[in-house]
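# Structure assessment
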Amino acid sequence: MKRKEFMQLTSALIAAPLVASLEGLAQTTPLQNWAGNLSFSTNNVYYPNTVSEVQDLVKKCTYLRPLGTRHCFNTIADSKQNLISTKALNKVVSLDKNNLTVTVESGIKYGELAPYLHEQGFALHNLASLPHISVGGSITTATHGSGVGNGNLAAAVRGIELVLADGSVLQLTKEKDGEKFNAAVVGLGALGIMTKVTLAIEPTYQVRQHVFTGMPMKALKDNFNKIVGAGYSVSLFTDWQTPNINEVWIKSRVDNGVNYDGVKDFFGAQAATTNLHPIATLSPVNCTEQMGVPGPWHERLPHFKMGFTPSSGVELQSEYFIPMQQATDAIFAIAALGKVIGPHLFISEIRTIAADNFWMSPHYQQASVAIHFTWQQHIPEVMALLPLVEKKLEHFNAKPHWGKLFTITPAVLANRYKKMEDFKAMVATLDPAQKFRNEFLSRNLYTV
């Protein structure tokens, strides 16, 4: 399902003229996620414009779920009763230049926020591979970006505002609320509707992007840390069909002096001579500029441009996070499945994420390596392959991305998320009537 609207923001980021309806919006066709593999279970979708409207809706509805930009591939955001979309909650609330923070409504997309920040002379520490995702949805699922020294997108959060099950507003800050804050940021939509987020910012910076092709996978065995640490953000793309990494994307900050201009060989990989797409058969026109051309951080850290369809569009995704120290063993374990997964795969991406302290984050007190799969939309075949992939990664205590496809059992999830019981206790306190619970949460958190 392709969305045609693209909002042009003024420097003040005026909200899109969407009319809130307290009676909901009946969809003429079933609402789908971005990739079209999932139809939502209700057409009763609300589009509030203000926090007070969110409060009214939450008090009115017996059961509901928050809905962002619909970039998840599983049912984490689904509901059989009601959905509250944050689509119209898309404004910058305030920019604090002295304390280096920006406060935004949770539905704003990174591709909308980033140009505004850059124009004001500021930047975020990290961005995901596509800028089309909302701030609130990304944070609550621990969506990440890349870099050995870079935490996921939630790592920038300094404060959040939630509308709770009784319609009241809860504000939490990193400075004042400690572990309660750490519990709530990656909240999986279980605690309430996230309406505002305060993010740490820094002075704007420029980034170069260099791509190398055909790196022997065996180079990872002795040089993994050097390879993934070669830039501010590094991604390795492979289809597992040859002994090589297809492409190495190195994103380097101009201000740190790292420059791969003129470098022809990178651990056996050869410098690309033109822009490339991670999926070799697709045009690079959708991708951010490469060839070492410096550009603003928000035009280089993502892989894909805001105004274009990211990745392949019609696809499935799954992703697993491995402790950093076990990265190479896990990568070669998956490589052994190459011929099995190849017919159903577009591409895999390998990248790194720094540790954080958010209870339900896959990176909780653990620096991680992500092994990501962009699958062809062969749904039965992919769902049959996931247990094989997860079996290969079992020894490494792999954790799945909360918004992507996985089949890991609730008992295993509970064992791998050390703070899950504490998180569930907080959910019980803030949502005693289970207003925000859905089948995804019931299955994965409450069937142990």
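Not measured: the values here are computed from a predicted model. (Residues numbered from 1 in each chain as written. Predicted model: local features only at pLDDT ≥ 70, side-chain atom pairs only at ≥ 80, totals over all residues. Heavy atoms only, no water.)

## Considering the pattern of salt bridges
Summed over all chains, the structure comprises 10 salt bridges. We note a salt bridge from glutamate 161 to lysine 196, for which the minimum N-O separation is 3.3 Å. Of this pair, glutamate 161 sits in strand E8 (residues 157–163) while lysine 196 sits in strand E10 (residues 193–200), placing them 35 residues apart in sequence. Via salt bridges that share partners, Glu202, Arg253 and Asp255 belong to a single interconnected network. (Salt bridge = Lys/Arg side-chain N within 4 Å of Asp/Glu carboxyl O. Helix = DSSP H or I, 4+ residues; strand = E, 2+ residues; numbered from the N terminus.)

## With respect to helix H10 (residues 420–430)
Along H10, the positions that sit buried rather than exposed are Met420, Phe423, Lys424, Met426, Val427 and Leu430. Taken around the axis of H10, the buried residues stretch over an arc of 160 degrees, which confines them to a single face. Exposed and facing more than 90 degrees away from the buried side of H10 are Glu421 and Thr429. Against strand E9 (169–173), helix H4 (174–185), helix H9 (410–416) and helix H11 (439–445) lie the buried residues of H10. (Buried < 20%, exposed > 50% of the residue type's maximum accessible area, 1.4 Å probe, protein only. Arc of directions from axis to C-beta. Contact = heavy atoms within 4.5 Å.)

## Structural notes on the side chain of histidine 132
As for its position among the elements, histidine 132 is in the loop between strand E7 (122–123) and helix H3 (135–140). At 3.4 Å, the side chain of histidine 132 forms a polar contact with the backbone oxygen of lysine 305. (Polar contact = N/O pair within 3.5 Å; in protein donor to acceptor, adjacent residues only side chain to side chain.)

## Notes on the sheet that holds E8
Across the sheet, which stays open at both edges, the 5 strands sit in the order E5-E6-E10-E8-E9 with antiparallel pairing between neighbours. Bordering the open sheet on either side are strand E5 (92–96) and E9, each of which pairs with just one other strand. Averaged over all pairs of adjacent strands, the angle between their axes in this sheet comes to 10 degrees, without regard to strand direction. Bridging between E8 and E10 involves 6 bridges; their strand directions are antiparallel. Directly across from valine 163, in E10, lies its bridge partner isoleucine 193. Seen against the sheet, H4 touches E8, E9 and E10 and runs at an angle of roughly 110 degrees to E9. (Pairing = 2+ DSSP bridges. Axes fitted to C-alpha atoms, helices over the stretch in contact; angles between N-to-C directions.)

## So, unusual backbone geometry
Despite not being glycine, tryptophan 240 shows a phi value in the positive range, around 65 degrees. Residue position: tryptophan 240 is located in the loop between strand E13 (233–238) and strand E14 (244–253). Unusually for a residue other than glycine, asparagine 397 sits at a positive phi of about 55 degrees. For asparagine 397, the location among the structural elements is in the loop between helix H8 (379–393) and strand E21 (399–400).

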